[in-house]
Amino acid sequence: MARPVTAQTLTIDIYSDVMCPWCLIGYGQLTKALAQLEGEIAAEIRWRPFELNPDMRREGEEQEAHLRRKYGRPAEEGARLRGQMKAIAEGAGVSLAWEGEGEAPPAMMWNTRDCHKLLAFALEQAGPEVQTALKLALFRAHFNQRRDLSDTALLLDLAASVGLHREAARAALADPALEARVVAEEQQAWDMNISGVPAMIVEGKFLIPGAQAPEVYVNALRRVAEKARAIP
């Protein structure tokens, strides 16, 4: 009897910020690619920190005002781009749409340092699958629920919702050593010339920048898998 073929597992480190809609879209596209590769290639996904606005004040800033200040983009252009992005997200199998009742509150930009600390804690304590569950919960809280991601109580609720110990998560958020590790990982991204996200590092060395179409991920992962098999 023929032995079953085991899918080749690749590690994928995704540098990402919770404020970044393209990071959620990229994850959706990657998920579609991995579905196409089922039985051939599997992935261990780990989320790495990248702060788009590390100096963002704790009270946050309205998204439209922030983008207008940062990029000089008029409000009309912002509305058009948001509409296009929502459509792209739906095609990727993810959502950027408001899920609440009534009119959506203004979209905000938040300081995400504590989000990254909590994600690092999740990876260390519970592994990649729980970390991904937390990342998706953070995305949903931000994009679909318009929650304040600088709010410690909310972060602890989200940590508990994916099975993390609430008081251990609280201690992690107050741990200066954990924050230092997050800052060091962010610097490592810059040292690798990563200046925008999402940026996916496959097997620790092969970079796939930006949110790509599923076919691009399929082809890239197959090439990496082939190279990995060729290394003795």
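Residues numbered from 1 in each chain as written. Predicted model: local features only at pLDDT ≥ 70, side-chain atom pairs only at ≥ 80, totals over all residues. Heavy atoms only, no water.

Asker: Which parts of the structure should I look at to understand helix α4 (residues 113–126)?
Answerer: For an α-helix, 3.6 residues make a turn, and residues three or four places apart therefore share a direction. The end-to-end C-alpha distance of α4 is 20 Å, a good match for the 20 Å that 14 residues give at a rise of 1.5 Å each. Most of α4 sits out of view: eleven of its 14 residues are buried. Those residues of α4 that sit buried are Arg 113, Asp 114, Cys 115, His 116, Lys 117, Leu 118, Leu 119, Ala 120, Phe 121, Ala 122 and Leu 123. Tucked inside the fold, the buried residues of α4 contact β1 (8–16), β2 (41–49), α5 (128–144), α6 (152–161), α7 (166–173) and α8 (176–191). At the exit of α4 stands Gly 127, carrying a positive phi of roughly 95°. (Helix = DSSP H or I, 4+ residues; strand = E, 2+ residues; numbered from the N terminus. Expected span 1.5 Å × (residues − 1). Buried < 20%, exposed > 50% of the residue type's maximum accessible area, 1.4 Å probe, protein only. Contact = heavy atoms within 4.5 Å.)

Asker: What am I meant to see in the pattern of salt bridges here?
Answerer: Oppositely charged side chains can form a pair if their charged atoms are brought close together. All chains considered together, the criterion is met by 17 salt bridges. One salt bridge in this structure joins Glu 44 and Arg 46, with 3.7 Å as the shortest N-O distance. For Glu 44, a relative accessible area of 31% gives the class partly exposed. The partner of Asp 114 in a salt bridge is Lys 117, with the nearest N and O atoms 3.3 Å apart. Taken together, the residues Asp 114 and Lys 117, both in helix α4 and three residues apart, mark about one turn of the helix. Several salt bridges share partner residues, and in doing so they unite Glu 51, Arg 58, Arg 113, Asp 114, Lys 117 and Glu 179 into one network. (Salt bridge = Lys/Arg side-chain N within 4 Å of Asp/Glu carboxyl O.)

Asker: For this particular structure, what's the right way to read the environment of Arg 58?
Answerer: By the secondary structure assignment, Arg 58 is in the loop between β2 and β3 (61–62). Spatially, the C-alpha atoms of Arg 58 and Asn 111 are 5.9 Å apart, while their sequence positions differ by 53 residues. Aside from chain neighbours lying at most four places away, what touches Arg 58 is Trp 110, Asn 111, Asp 114 and Ser 150. Here the side chain of Arg 58 touches Asp 114 through a polar contact of 3.5 Å, side chain to side chain. (Polar contact = N/O pair within 3.5 Å; in protein donor to acceptor, adjacent residues only side chain to side chain.)

Asker: Please clarify how the sheet that holds β2 should be interpreted in this entry.
Answerer: The pairing of strands in a sheet comes from backbone hydrogen bonds and takes either a parallel or an antiparallel form. With mixed pairing, four strands are arranged side by side in an open sheet as β2-β1-β5-β6. The strands lining the two open edges of the sheet, one partner per strand, are β2 and β6 (206–209). If you compare each strand with its neighbour and ignore which way they point, the axes differ by 25° on average. Pairing geometry for β1 and β2, over nine bridges, is parallel. Bridge pairing links Leu 10 to Ala 43 in β2. Relative to β2, α8 is tilted by about 110°, and along the sheet it contacts β1 and β2. (Pairing = 2+ DSSP bridges. Axes fitted to C-alpha atoms, helices over the stretch in contact; angles between N-to-C directions.)

Asker: Just checking my understanding: could you explain the packing of aromatic side chains for this structure?
Answerer: The relative placement of two aromatic rings is captured by the distance of their centres and the angle of their planes. A complete count under the given rule lists four aromatic pairs for this structure. Their ring planes at 80° and their centres at 6.2 Å tell us that Trp 47 and Phe 139 sit as a pair that is edge-to-face. Taken together, the residues Trp 47 in strand β2 and Phe 139 in helix α5 connect sequence positions 92 residues apart. Under the relative-accessibility criterion, Trp 47 is labelled buried at 3%. For Phe 139, a relative accessible area of 1% puts it in the buried group. Among the aromatic side chains, those forming a connected cluster through ring pairs are Tyr 27, Trp 47, Phe 139 and Phe 143. (Phe/Tyr/Trp six-rings, centres within 6.5 Å; stacked < 30°, edge-to-face > 60°.)

Asker: How should I be thinking about the packing of helix α1 (residues 21–36) against helix α3 (residues 75–91) in this particular structure?
Answerer: A packed helix pair is summarised by two numbers, namely the angle formed by the two axes and the spacing between the axes. The interhelical angle for the contact between α1 and α3, taken along N-to-C directions, is 25°, at an axis separation of 9 Å. The orientation of α1 relative to α3 falls into the category roughly parallel. As α1 runs across α3, the sense of the crossing is left-handed. Touching Pro 21, Trp 22, Ile 25 and Lys 32 of α1 are Met 85, Ile 88, Ala 89 and Gly 91, all from α3. (Parallel < 35°, antiparallel > 145°, perpendicular 65-115°, else oblique. Left-handed = near helix turned anticlockwise from the far one by under 90°.)

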